[in-house]
Amino acid sequence: MSSLALSTRRESGRAVVSLAGELDLATVDSLREVALAELSDAECRTLVLDLDGLTFLDSTGLGCWVELRNRAGEQGKSLQLDAVPPAALRTMTIAGLAPLFGVDAGPGPEEISAT
């Protein structure tokens, strides 16, 4: 069974949501709920997802990030991804979403080894 732990903190106009565990179909609603609550705060100008503890990411997690990025933009705010783990970066790169989030994708999908 998937599990995801979320914690939040504020840093001068930034709401930081730290993720630990798996972001997938079973856990994505938890992130969406917490992140949207943070974005609704008038003092939040940037929503930061700290991914240092992220161990798994699937397409529903990526879709949630796109949704949060769009919602932030609609409110004149921004979404930032911090400490993107290599496995998540690989998923983002294959999906073609790394540039959308301003993340250095490294090698293109055709250059990623299937080992």
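Residues numbered from 1 in each chain as written. Predicted model: local features only at pLDDT ≥ 70, side-chain atom pairs only at ≥ 80, totals over all residues. Heavy atoms only, no water.

Trainee: Explanation requested: helix α3 (residues 86-95) in the structure shown.
Mentor: Structurally, the α-helix is built with 3.6 residues per turn, so residues lying three or four positions apart point the same way. Along α3, the residues that are buried comprise Ala88, Leu89, Met92 and Thr93. For α3, the arc enclosing every buried residue in end-on projection is 135°, short of the 170-degree limit, so these residues lie on one face. At its buried positions, α3 is contacted by β3 (46-57), α2 (59-74) and β4 (78-82). The first or second residue beyond α3 is Gly96, which carries a positive phi of 75°. (Buried < 20%, exposed > 50% of the residue type's maximum accessible area, 1.4 Å probe, protein only. Helix = DSSP H or I, 4+ residues; strand = E, 2+ residues; numbered from the N terminus. Arc of directions from axis to C-beta. Contact = heavy atoms within 4.5 Å.)

Trainee: For this particular structure, what's the right way to read the sheet that holds β3?
Mentor: Strands sit in the order β1-β2-β3-β4 across an open sheet of 4 strands; the sheet is mixed. One side of each edge strand has no neighbouring strand; the edge strands of this open sheet are β1 (4-11) and β4. Ignoring strand direction, the axes of neighbouring strands in this sheet form an average angle of 20°. Note: strand β2 (residues 14-23) against β3, 9 bridges, orientation parallel. Across the sheet, residue Leu23 finds its bridge partner in β3, namely Leu57. (Pairing = 2+ DSSP bridges. Axes fitted to C-alpha atoms, helices over the stretch in contact; angles between N-to-C directions.)

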